Amino acid sequence: MTTFLLNFLYAVGIDKSTREPRRAVFFLLYYVIGFFVTFIVATMVLLCLEVYDFPFARNLIYRQLGEPVLFALEAVLF
């Protein structure tokens, strides 16, 4: 199973004729993972501000995004 998965990832990520990574691989690694890490760090900073009794972070999120988005965000993280 592991060999099949590695062969599949290699076939998807590497162009057989030039033996170079496809542009989609760079896009996924650079932008998607970078966005996800930025999202997690920004959310953790806002949660830490709330832990230290700075309620403006929660009030800002409530006003800008609304209550359902905040609950979804907390559900994703925890």
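Going by the structure above, here's the rest.
These notes cover the structure that comes with them. Worth saying up front: this structure is predicted, and the values here are computed from it rather than measured. (Residues numbered from 1 in each chain as written. Predicted model: local features only at pLDDT ≥ 70, side-chain atom pairs only at ≥ 80, totals over all residues. Heavy atoms only, no water.)

This part is about the overall build of the chain. From N to C terminus, the chain includes four helices and zero strands. Starting at the N terminus and ending at the C terminus, the chain contains elements arranged as α-α-α-α. Carbon and sulfur atoms provide 72% of the accessible area of the chain, an area that totals close to 6,800 Å². (Helix = DSSP H or I, 4+ residues; strand = E, 2+ residues; numbered from the N terminus. Areas by Shrake-Rupley, 256 points an atom, 1.4 Å probe, with all protein chains shown as cover.)

The topology assignment puts Thr-43 in helix H2 (residues 23-51). The contact partners of Thr-43, leaving out residues within four places of it in the chain, are Leu-73 and Leu-77. (Contact = heavy atoms within 4.5 Å.)

As enumerated under the stated definition, the model contains two aromatic pairs in all. Consider the rings of Phe-27 and Tyr-31, whose centres lie 5.4 Å apart with planes at 40 degrees: the pair is tilted. You can see Phe-27 and its partner Tyr-31 sitting in helix H2, four residues apart, about one turn around the helix. What links up through ring pairs into an aromatic cluster is the set Phe-27, Tyr-30 and Tyr-31. (Phe/Tyr/Trp six-rings, centres within 6.5 Å; stacked < 30°, edge-to-face > 60°.)

The next point concerns the environment of Pro-21. Structurally, Pro-21 can be placed in the loop between helix H1 (2-13) and H2. Filtering out sequence-adjacent residues up to four positions away, Pro-21 remains in contact with Gly-13, Ile-14 and Phe-26.

Next up on the list: a nonpolar patch on the surface. On the surface, Met-1, Phe-4, Leu-5, Leu-6, Phe-8, Leu-9 and Val-12 cluster together to form a nonpolar patch covering roughly 820 Å² of accessible area. Looking at where Leu-5 falls in the secondary structure, it is placed in helix H1. Among the residues examined, Leu-5 registers a relative accessible area of 47% and is labelled partly exposed. (Patch = residues over 30% accessible without salt bridge, like charges linked within 9 Å, V, L, I, M, F, W, Y side chains within 5 Å. Salt bridge = Lys/Arg side-chain N within 4 Å of Asp/Glu carboxyl O. Buried < 20%, exposed > 50% of the residue type's maximum accessible area, 1.4 Å probe, protein only.)

Residues of helix H4 (residues 67-77) that are buried include every one of Leu-70, Leu-73 and Leu-77, and no others. Looking down the long axis of H4, one finds its buried residues gathered within 60 degrees of arc, a one-sided arrangement. Set apart from the buried face of H4 by more than 90 degrees, the exposed residues are Pro-68, Ala-75 and Val-76. (Arc of directions from axis to C-beta.)

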